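Chain by chain, the residues run as shown.
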Amino acid sequence: MNRTRTKVYCYCKKCNGSLVDPRTKIQHSLKFKNYQEGEPFIAGPSNVKPSYAEPSNAGPSDAGPSNADSNTELSDAIPTFDDDLYNEMKIKSNNFFLTKKLPTHESAKSKKGKISDLVLENLLLLDDESEDDDYHDQDSEDEGDDDEEEEEEEEMKENVDFSSTEFDDNEPKLPNINSNYSFIWIILWILQYQQQYRISKVAIDSLFKFLRFFLLTIDEKKFLSFPSSLYMAKKTLGIFTKIIKYAACNKCHKLYDINEISNKTEIPTCSFINYPNHSIERFREKCNNPLVKKIDSNNHQIFRPIMTFPLVDIRQQLTLFFGRKNFEISCRKWAVRKNETGALFDIYDGMIWKSFTGDSSVKPFFTKECADTHIGLMLNMDWFQPYINSQYSVGVIYAVICNLPRSERFKPYNILTLAVIPGPKEPKLHEINHYLYPIINQLNQLWDGYYIKTYENNIGRFVRGAIIGCSNDVPAARKLCGFISARIACYRCHKSANFVGNQPNFGGFADFDEWFVERDIHVIREKASEWKKCTTKDSRRAHVSQYHVRWSEIYRLPYFNSVRFCVVDPMHCLFLGVAKWIVTKLWIGEGILNDANLKIMQERADMIKITSDLGHRPVRIATGEGFSNFTADMWKTFILIFVTPITWDLLVDIDRRILAYFVRACKILTSRALQKRELNEAFTKLVEMNKLIEQKYGQEKISPNLHLCLHICECALDYGPLSSFWCFSFERMNGILGI
């Protein structure tokens, strides 16, 4: 009979917290006597190879598809974010709202929050969103005792593979309008009409069919070439949007080439293996989910993918953008602007834009000479409901070009739509990597740079680009960057959740200086890469619970700093988060405001007259349980204008102070010209607001959003005013796509 043993954690300098056999741990404890049992081994500066210390000889493309199956060494990454310059700028800024940046061995010790195993297990089950593959790992067979055998087994292990088939990336062409047709102006007017009034493609397609029929009755010879559909109209103008389509497994979301699976004589199945190194054979089996379905067509059957993933070529989109008149001029405007006041007017005044560097980590990436050829992109990933009476979630990934002025940056025709993630359900945490893989490949190519034809230079200009920011709501941010649930820990600092009655909270400010410390991106990248080596579901959970990060394909971008670049979105945090929570959960939920008070508030709001540019007057304060269907924009207008005059006398002293602190912080942060000295005041007000809520309502009332709002001032210093990175424009794009 085979003996079985439960694996335990070993904290020696070799294992560093990995699950090993108990006898192996005993051997390591005898071999490495220089560490205390039960505490992680923290290597000092003398015996640790510095991460990102030297530039690699390999180009950025080495992080691309050819190396997707192997773990990239941290020392081989390109130092494209100047930490020394960034830290020097932080010191000169003299702002106490900035998280401290400590050496690795100190920051690892500052991790706060002891979570009981039972509570953590329940939270991780929610974090995994586990519906399928629900099992308990069985005991494995007896393992060898020698370290050499374990090292050989490690070398033989395969990493979970999220790669997909590559596509042909031919050089795109600029639109070439055929001026021989006299009706070109009609086509251009219709397309402009569609864009101006956000009319669906189906409606415009019907309009083209009707106009063709009408024009042929007038002069058949003259209008014979008039397009019969929207597709033919774009073809006439030479506007080709290259859509790359993958077949996606509707169970595990693995991507496949549509042409390869459609040409088979039998129904192909998914070959993805989620746990390629599992000790139990049945968990190393392939997914085997059907990828296509049979459709009857003209007395024979054809195969069609069950789920399709459309992807847009980034290079083609940039070529179309640069082919516009005045686009390059708009991208150069930031380089000639002057700001001698020290205030933050746009993203160019932020620390990220100034400290982001190129290959050498000395010369800034964004300079006047490269103002229109070095592109800075801000990424957004979100899900929305395209149907009113159906639960169907569709994901979308956008990117905006930060080089453009803010007045043009967020206009729909200047936003890159990178991909649409199919529904009806969102992919679970690490399953998003299947969809990210081909996008990251394109972004790595953009980081290497390529020549594209532009309006000013038809021969071609060498363009490079990088992701310098990610603006998402919290659930999307943790999927995109592989972070643990916001209910368990903060992804920017070392604050972990406390528990009162098995419910997580982020209260406790007595040890503020100990946990308000920036997380080390080098450690995060290393631990994210180690996640791929986990062999079982339980080992993955143990890894995430210890290090608070899992693998994400976005870490294949050699320059990406998920701590600095992933901002706290003010729209979701301040307005849909803190503002809504204080009014509905705290005051209405705790009985501070009752139905009679809400009616009084509505009557007072109706008496206040505001100009149309300030927003809409709130009209559903007393509807339902209160503030029915308030959007983020409504909450913003309510907090900045209405809440103080209509609510003040209905609150007691401590609630008035909570309201005053929050309104003052919002007024500072939403300013179009953000003074750096005022960020300290805004941060102080938010901290005092948290302390007052904890004082009156208890520690359990400090929600994740109340903690995350403490990092918004730092995000503003990095990226400028909140309007430079909040998600209002991306939400409007969701509405356009949903039409």
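Residues numbered from 1 in each chain as written. Predicted model: local features only at pLDDT ≥ 70, side-chain atom pairs only at ≥ 80, totals over all residues. Heavy atoms only, no water.

1. Here's the deal with the overall build of the protein
Just so we agree on the cut-off: Numbering of helices and strands runs from the N terminus, with a helix taken as a DSSP run of H or I at least four residues long and a strand as a DSSP run of E at least two residues long. Exposure classes here rest on a 1.4 Å probe applied to the protein chains alone. A residue is buried below 20% of its type maximum, exposed above 50%, and partly exposed in between. By definition, residues are in contact when any of their heavy atoms lie within 4.5 Å.
The secondary structure content of the protein amounts to 27 helices and 15 strands. Relative to its full complement of 739 residues, the protein shows a buried share of 53%. In the protein, the share of contacts with a sequence separation of at least 24, taken over all contacts with a separation of at least 6, comes to 71%.

2. Quick look at the environment of Pro618
When you line up the elements, Pro618 lands in the loop between α21 (595-607) and α22 (632-647). Owing to a relative accessible area of 6%, Pro618 belongs among the buried residues under this scheme. C-alpha separation for the pair Pro618 and Phe642, spaced 24 residues apart in sequence, amounts to 8.4 Å. Excluding its chain neighbours within four sequence positions, the residues that come into contact with Pro618 are Gln602, Ala605, Asp606, Phe630, Phe638 and Phe642.

3. Considering a nonpolar patch on the surface
The condition that has to hold: Patches in this entry comprise residues that are over 30% relatively accessible and not in a salt bridge; like charges within 9 Å are linked, as are nonpolar side chains (Val, Leu, Ile, Met, Phe, Trp, Tyr) within 5 Å. Accessible surface area values rest on a Shrake-Rupley calculation with a 1.4 Å probe, where residue burial reflects the displayed protein chains alone. Each salt bridge in this description consists of a side-chain nitrogen of Lys or Arg and a carboxyl oxygen of Asp or Glu lying within 4 Å of one another.
Where nonpolar side chains cluster on the molecular surface, the patch consists of Trp185, Trp189, Tyr193 and Tyr197 and spans about 540 Å² of accessible area. Summarising the element assignment, Trp189 is placed in helix α6 (residues 184-197). The class of Trp189 is exposed, set by a relative accessible area of 52%.

4. Remarks on empty space enclosed by the protein
What counts here: Here a cavity denotes grid points, spaced 1 Å and computed from the protein atoms alone, that fit a 1.4 Å probe unable to get out, and a pocket denotes an open set having protein on both sides within 12 Å along at least 5 of 7 lines; residues with an atom within 4 Å of a point are the lining. Grid points are joined across faces, edges and corners, and a volume is the space filled by probe spheres set on the points. Residues are grouped as follows: Ala, Val, Leu, Ile, Met, Phe, Trp, Tyr, Cys and Pro are nonpolar; Asp, Glu, Lys and Arg are charged; all remaining types, including Gly, are polar.
Across all of its chains, the model carries six cavities of 30 Å³ or more by this definition. Each pocket or cavity is described by its volume, and for the largest cavity that value is around 70 Å³. Around the largest cavity sit Val474, Ala477, Arg478, Phe483, Ile484, Ser485, Ala486, Ala489, Cys490, Tyr491 and Leu708, which together line it. Top element by residues in the lining of the largest cavity is helix α15 (residues 474-481). It accounts for three residues. Here the residues of the lining of the largest cavity sort into nine nonpolar, one polar and one charged.

5. Quick word on unusual backbone geometry
Negative phi is the rule for most residues except glycine; trans is the rule for most peptide bonds. Here the bond from Gly423 into Pro424 is cis, since omega is 10°, no more than 30 degrees from zero. Take Pro424: it is sitting in the loop between β10 (415-421) and α14 (432-448). Unusually for a residue other than glycine, Asn326 sits at a positive phi of about 75°. Among the residues examined, Asn326 registers a relative accessible area of 43% and is labelled partly exposed. Notably, His548 is not glycine yet its phi reads approximately 65°, a positive angle. In this fold, His548 is placed in the loop between α18 (537-547) and α19 (562-565).

6. Describing the packing of aromatic side chains
Using the following cut-off: We call Phe, Tyr and Trp rings a pair once their centres come within 6.5 Å, taking the six-membered ring for Trp, and we label the pair stacked below 30 degrees between planes, edge-to-face above 60, and tilted otherwise.
Evaluated as defined, the whole model comprises 44 aromatic pairs. Centre to centre, the rings of Phe630 and Phe638 are 6.4 Å apart; their planes meet at 80°, and the pair counts as edge-to-face. Accessibility classification places Phe630 together with Phe638 in one group, the buried group. An aromatic cluster is present here, built from Trp334, Tyr348, Trp353, Phe356, Phe365, Phe366, Trp447, Tyr559, Phe560 and Phe565 joined pairwise through their rings.

7. Examining the packing of α22 against helix α23 (residues 653-669)
For clarity, the cut-off: Axes here mean lines fitted to C-alpha atoms, for a helix over just the part in contact, with angles spanning 0 to 180 degrees between N-to-C directions. Angular relationships are summarised with four words: roughly parallel below 35 degrees, roughly antiparallel beyond 145, roughly perpendicular across 65 to 115, and oblique for the angles in between. By definition, any crossing whose near helix is turned counterclockwise from its far helix by less than a right angle is left-handed, and any crossing with a clockwise turn is right-handed.
The geometry of α22 relative to α23 is characterised by a closest axis approach of 10 Å and an angle of 150° between their N-to-C directions. With respect to α23, the element α22 is oriented roughly antiparallel. Judged by the sense of rotation from one axis to the other, the crossing of α22 with α23 is left-handed. From α22, Ile639, Leu640, Val643 and Thr644 reach across to α23, where they touch Leu659, Phe662, Val663, Cys666 and Lys667. Of the residues assigned to the contact of α22 with α23, the class counts are seven nonpolar, one polar and one charged.

8. Quick word on the nonpolar core
Heads up, the condition is: As used in this record, nonpolar core signifies buried Ala, Val, Leu, Ile, Met, Phe, Trp, Tyr and Cys residues forming a set joined through side-chain atoms within 4.5 Å.
The biggest cluster of nonpolar side chains holds 179 residues, and the ones touching the most others in it are Ile582, Phe627, Phe638, Phe662, Met689, Ile693 and Leu710. For this core, the element with the highest residue contribution is helix α20 (residues 570-588), accounting for 12 residues. When sequence neighbours within four positions are dropped, the list of residues in contact with Phe627 reads Val583, Ile588, Leu598, Met601, Arg620, Ile621, Trp635 and Phe638. The next biggest cluster of nonpolar side chains, apart from the first, holds 15 residues, and it includes Ile184, Ile187, Ile190 and Leu215.

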